[in-house]
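Listed here are the chains, written in short residue letters.
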Amino acid sequence: MLGYAARGAVWVAIYLAFVLAPLFALMLGSLPPPRDFWTEFSAALGYAGLAMMGLQFGLTARFRYVTAPWGEDVIYHFHRRLSLVAIGLIIAHPLILFAVRPELVALLNSIQAPWRARFAALSTYSLIALVVMALWRVQLNIRYETWHLAHIALALVAVGAGLLHMIGWGFYLTDPWKRGLWIGLTMFWIGLLIYVRIVKPLFILRRPYLVSEVREERGDTWTLAMQPEGHPGFGFRPGQFGWLTLTGSPFKITGHPFSFSSSAATTDGRVEMSIRKLGDLTARIDKTPVGSRVYLDGPYGAFTIGNPADMHVLIAGGVGNTPMMSMMRTLADRGDKRPVVLIYGSKNWESITFREQLEALRERLNLTIVHVLSDPPAGWTGEQGRIDAEIFKRHLPPPFADHEYFICGPNVMMDAIEKALGELGAPMSKYHSERYSFV
Ligand SMILES: Cc1cc2nc3c(=O)[nH]c(=O)nc-3n(C[C@H](O)[C@H](O)[C@H](O)COP(=O)(O)OP(=O)(O)OC[C@H]3O[C@@H](n4cnc5c(N)ncnc54)[C@H](O)[C@@H]3O)c2cc1C
């Protein structure tokens, strides 16, 4: 079994091979008459951009073996960054051509242009729409679900039209084996999509869960306990998350990601997720009927304990404490006696999610809890304001570089904490974070 670093390097190499190999393959065999450098260069950008776009289907396909070395949030980040690079390449392709051969600008007139140019325009416009919607979804006031559906449709149109444009030109595709190579690649991309949207949901459909309890927690949060129905369920590592489909079938376009908050040491497949009311789906979480059938896809994520550590430092903000609960409950069930320090930011004393359960965990763990309240009650003598380096210095024993840190909370809080830990000399390999927003 390869380690995470080696596995990561292998996947990066495979990714580059998929992007570059088809491009280099075009230079083998019989070649068309040579053209000027800029025309060839622009064609190369178009081919590489298209190959990258096709591979985007794979990045979001939730292949556990691929995502494990980095974690899902990093993969989504990568997906977004690579999209921008791919789109940059694809847009540069016509722009360079227009600059070196101005007569080609006439192809922008889609009424008179040949089909291969129309497909190029369709592909480029779809990509531009896709990027605008992805970057400014919130500002454009587009619902997450609507956006997700449009995102997939636009991506399909963009890649499909891009391929038709390439085949229409066929400039480098005179050899049958080259055509075969690109047909094979296209089938591979389509296969990825079929896997994600049909094969995987079929598997999930056969492994339903029943909601066995809906429990109110402090801080506008509800815990859903779920029991596998007719199958053993799956194991997970504390800190990981799953995609929950609460209503409808797993073929529905959007499952929602939630961390497991229960112990990973259970053997009956039961899992719990603790969900804060925030938007469309979560606002109705308390109305979930006990006994209803739901679907879970998991486990995912690299945010988990397991590395050698003298102590675990868990730093959470708000509902970001759910994976920490799973970690603490698991450590308690395992009888782990290493110190755990939980630094937990909440709004006020009443809204501290899991407040009583945390007190109970003190009995079973070597646990120090530091509550940090942004709106403390009168007479509060504990920490208040934001979690910062000063709080770490007051509550953690040096050397800071020896502890393992786990951070989960709002993005601004996580950025500040990662910076503070860096300043205290904790190496990056020692801190792990889970971002609840993939955006
Ligand atoms: C890895 C991970 C673990 C999480 N764990 C928890 C947890 O344990 N408890 C908890 O309360 N929340 C958790 N969240 C956040 C939770 O997924 C969102 O709050 C929830 O999906 C919002 O759905 P909504 O329909 O109520 O809100 P909406 O009003 O639809 O959306 C609010 C925001 O949530 C995000 N969002 C919505 N739907 C999705 C989706 N399908 N996939 C990704 N993001 C989405 C979007 O950025 C959106 O703007 C987690 C998120 C991630 C990424």
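Throughout, a residue's number is its position along its own chain's written sequence, starting from 1. For a predicted model such as this one, the threshold for reporting local features is a pLDDT of at least 70, and the threshold for listing and counting side-chain atom pairs is 80 or more; totals across whole chains, interfaces and linings nevertheless cover every residue. Each side-chain value is derived from all of the structure's non-hydrogen atoms; neither hydrogens nor water enter the calculation.

## Re the sheet that holds strand β4 (residues 256-259)
Here the rule is simple: two strands pair whenever DSSP picks up at least two bridges between them. Helical segments are the DSSP runs of H or I of at least four residues, strand segments are the runs of E of at least two, and each set is numbered from the N terminus. Judged by pairing direction, the sheet is antiparallel, and its 6 strands sit side by side in the order β4-β3-β6-β1-β2-β5 without closing on themselves. Edge positions in the sheet fall to β4 and β5 (271-276), since each of these pairs with one other strand and no more. Neighbouring strand axes in the sheet, compared pairwise and without regard to direction, differ in orientation by 40° on average. With 2 bridges joining them, strand β1 (residues 209-217) and strand β6 (residues 293-300) adopt antiparallel strand pairing. Across the sheet, the residue bridging to Tyr209 is Val294, located in β6. Lines fitted to the C-alpha atoms define the axes, with helices restricted to the stretch that makes contact. Angles between their N-to-C directions range from 0 to 180 degrees.

## Quick notes on the packing of aromatic side chains
Aromatic ring pairs: the centre-centre distance and the angle between the two ring planes describe each pair. Between the rings of Phe, Tyr and Trp (Trp by its six-membered ring), a pair exists once the centres lie within 6.5 Å; its type follows the angle of the planes, with under 30 degrees stacked, over 60 edge-to-face, and the other angles tilted. Scanning the model with the defined rule gives 17 aromatic pairs in all. When the centroid spacing of 5.6 Å and the interplanar angle of 80° are considered together, the rings of Trp38 and Phe41 count as edge-to-face. On the criterion of helical spacing, the pair formed by Trp38 and Phe41 is a turn pair, its members being 3 residues apart in helix α2 (residues 37-59). Given a relative accessible area of 44%, Trp38 falls into the partly exposed group. A relative accessible area of 32% places Phe41 in the partly exposed class. Judged by centre distance (6.2 Å) and plane angle (65°), the ring pair of Phe241 and Trp243 falls under edge-to-face. Only protein chains enter the accessibility calculation, which uses a 1.4 Å probe; a residue whose area is less than 20% of its type maximum is buried, one above 50% is exposed, and one in between is partly exposed. Residue classification places Trp243 among the buried positions, given a relative accessible area of 5%.

## Overview of the site of the ligand
Proximity criterion: a residue is near a molecule or strand once any of its heavy atoms comes within 4 Å of it. Close contacts around the ligand come from 25 residues, with Gly255, His256, Pro257, Arg276 and Thr282 the closest. Gly255 is positioned such that a nitrogen or oxygen atom in its backbone is 2.8 Å from a nitrogen atom of the ligand. Polar contact criterion, stated in full: a pair of N or O atoms within 3.5 Å, where within protein one must be able to donate a hydrogen and the other to accept it, and residues adjacent in sequence count only if both atoms are side-chain atoms. In this structure, Thr282 approaches the ligand through a side-chain N or O atom, which is 2.5 Å from an oxygen atom. Throughout, the Shrake-Rupley method with a 1.4 Å probe supplies accessible areas, and for residues the shown protein chains are the sole cover considered. Expressed as a share of its isolated accessible area of 890 Å², the protein-covered part of the ligand is 89%. Elements that contribute at least two residues to the shell around the ligand include exactly β3 (241-245), β4, β5 and β12 (431-435).

## What to know about the domain arrangement of the chain
Throughout, the edges of the domains are those of an automatic or database domain assignment. Its domain assignment divides the chain into domain 1 (4-204), domain 2 (209-300) and domain 3 (312-435). For domain 2 versus domain 3, the distance between C-alpha centres works out to 24 Å. With 19 residues of domain 2 at the contact, the number on the domain 3 side is 20 residues. Buried area is a sum: the accessible area each of two parts loses on coming together, probed at 1.4 Å, counted once for each and added. Taken together, the two surfaces of domain 2 and domain 3 that pack against each other cover about 1500 Å², and 50% of this comes from carbon and sulfur. By the criterion of area lost to domain 3, the three top residues of domain 2 are Arg218, Pro238 and Arg276, representing 38% of everything that side buries. The salt bridge criterion pairs a side-chain nitrogen of Lys or Arg with a carboxyl oxygen of Asp or Glu, the two atoms within 4 Å. Along the contact surface separating domain 2 from domain 3 lie 2 salt bridges. For Arg218, the salt bridge identified is with Glu350, shortest N-O distance 3.0 Å. At the boundary of domain 2 and domain 3, one finds 10 residue pairs in polar contact (both at pLDDT 80 or more). Mapped onto the side of domain 2 that touches domain 3, the elements with two or more residues apiece are β2 (221-228) and β5. Any pair of residues with heavy atoms lying within 4.5 Å of one another is described as a contacting pair.

## Structural notes on the nonpolar core
For this analysis, a nonpolar core means a set of buried residues of the types Ala, Val, Leu, Ile, Met, Phe, Trp, Tyr and Cys, connected via side-chain atoms within 4.5 Å. By size, the foremost hydrophobic cluster in this structure holds 35 residues, and its most contacted members are Tyr47, Met53, Leu163, Met166, Trp182 and Trp189. Only α1 (4-25), α2, α4 (72-100), α5 (115-135), α6 (144-169) and α7 (176-205) provide two or more residues apiece to this core. Sort the elements by how many residues they give to this core and α2 lands first, with 9 residues. In contact with Trp182, other than residues within four places in its own chain, are Pro22, Leu26, Tyr47, Leu50, Ala51, Leu163, Met166, Leu173 and Trp189.

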